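# Residue-level structure breakdown
Read off the chains here:
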Amino acid sequence: MTQPTPIGRVLALLSRIEPLRVLDAYSCIGGGTEGYRRAFRNCHITGVDIQAQPDYRGDAFHQGDAVEFIREYGHEFDFIHASPPCQGEGAPTKGTNAARNKAIGRTYPRLIVPTRAALEATGRPYVIENVPGSEVRKDIRLCGEQFGLAVLMHRYFELGGWTTAQPAHPLHRGYVRGYRHGEWRDGPYVAAYGKGGGKATVAEIREAKRIDWSTDHLRLREALPPAYTEWIGRAFLAAHTPVLGVAA
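Residues numbered from 1 in each chain as written. Predicted model: local features only at pLDDT ≥ 70, side-chain atom pairs only at ≥ 80, totals over all residues. Heavy atoms only, no water.

### Some thoughts on the environment of Ala191
By the element assignment, Ala191 lies in the loop between β9 (183-185) and α6 (202-209). Linking Ala191 and Met153, residues 38 residues apart in sequence, is a C-alpha distance of 8.8 Å. Leave out the neighbours within four places in its chain, and Ala191 touches Val176, Arg177, Lys199 and Ala200. (Helix = DSSP H or I, 4+ residues; strand = E, 2+ residues; numbered from the N terminus. Contact = heavy atoms within 4.5 Å.)

### Focus on the pattern of salt bridges
By the definition in use, this model includes 13 salt bridges. Here Arg110 and Glu135 are joined by a salt bridge, their closest N and O atoms 2.6 Å apart. On the criterion of sequence distance, the pair formed by Arg110 in the loop between α4 (95-103) and α5 (112-122) and Glu135 in the loop between β5 (126-130) and β6 (140-142) is long-range, its members being 25 residues apart. (Salt bridge = Lys/Arg side-chain N within 4 Å of Asp/Glu carboxyl O.)

### Quick look at helix α3 (residues 66-73)
All buried positions along α3 are accounted for by Ala66, Val67, Phe69 and Ile70. The buried residues of α3 occupy one face: seen down the axis, they fall within an arc of 160°. Exposed and oriented more than 90 degrees from the buried face of α3 are Glu68 and Arg71. Residue Asp65 occupies the N-cap position of α3, its side-chain oxygen lying 3.1 Å from the main-chain nitrogen of Val67. (Buried < 20%, exposed > 50% of the residue type's maximum accessible area, 1.4 Å probe, protein only. Arc of directions from axis to C-beta. Polar contact = N/O pair within 3.5 Å; in protein donor to acceptor, adjacent residues only side chain to side chain.)

### A few points about the nonpolar core
Counting 38 residues, the largest nonpolar core has Phe40, Phe79, Phe157 and Ile232 as the members making the most contacts within it. Counting residues in each nonpolar core, the second largest holds 19 residues, with Val67, Ile80, Ala82 and Leu111 among its members. (Core = buried A, V, L, I, M, F, W, Y, C linked by side-chain atoms within 4.5 Å.)

### Side note on helix α8 (residues 226-239)
Over its 14 residues, α8 extends 20 Å from the first C-alpha to the last, a length consistent with the 20 Å expected when each residue adds 1.5 Å. Burial of α8 is extensive: 11 of the 14 residues sit out of reach of the surface. What α8 keeps buried is the set Pro226, Ala227, Tyr228, Thr229, Trp231, Ile232, Gly233, Ala235, Phe236, Leu237 and Ala238. (Expected span 1.5 Å × (residues − 1).)

### Description of the packing of helix α2 (residues 31-40) against α8
At a minimum axis distance of 7 Å, the contact between α2 and α8 shows a crossing angle of 40°. Here α8 runs oblique to α2, going by the angle between their axes. The two elements α2 and α8 cross, and the hand of that crossing is right-handed. For the pair formed by α2 and α8, the contact residues are Gly31, Gly32, Glu34, Gly35, Tyr36, Arg38, Ala39 and Phe40 on the first element and Pro226, Thr229, Glu230, Ile232, Gly233, Arg234, Phe236 and Leu237 on the second. Considered class by class, the residues forming the contact of α2 with α8 number seven nonpolar, five polar and four charged. (Axes fitted to C-alpha atoms, helices over the stretch in contact; angles between N-to-C directions. Parallel < 35°, antiparallel > 145°, perpendicular 65-115°, else oblique. Left-handed = near helix turned anticlockwise from the far one by under 90°. Nonpolar A, V, L, I, M, F, W, Y, C, P; charged D, E, K, R; others polar.)

Geometry only, nothing functional implied.
See below:
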């Protein structure tokens, strides 16, 4: 991405003003939070999640419904990130898999549309992150290979109220390690989802995503690598340089 001004100038400016107020909705343990903390430096980040998150990485945490929280308090923040649970959005809940889930009584909420409506009502710049196959707009696509991570984890980011250019997506260096269709494949990436069949251990996920503050296998699997949102945060700062008043 080509930045209109050196990012250091933006960071210098931010060090002289009030902290950016950031909301991380559906925060989980705060993989996204940590990335924004690195990008914004001078910020205060609040996480909200329907489940208790004792390992949450940010400055404040609220347990509750993310959409309701955004509707009530979203306007108080300078920037909002939202990662609705992917179980109701991606390929596993569509087509044949959707029929199978319905047959066994398994249902997942579809949260992208109500989350987007709540975010747009705040008038604040925002990001919605989700998996391939979801209803999120595909403004930016990020992959672990772009950051030298040992996990691929393709994710899309919908940008609300701001834009930036798509970064180059390098070729993958090989397979994701593990069994696929009964065949073992070795490779430079770990499978940071599920259990068994060569899926990544807690230690492997921590190293692959560069998350060192939790040992919860499920939450580590769900967490975004901080590198993703660090990139998003820096792109946001660069895009808003004219608004922040930084001289070119």
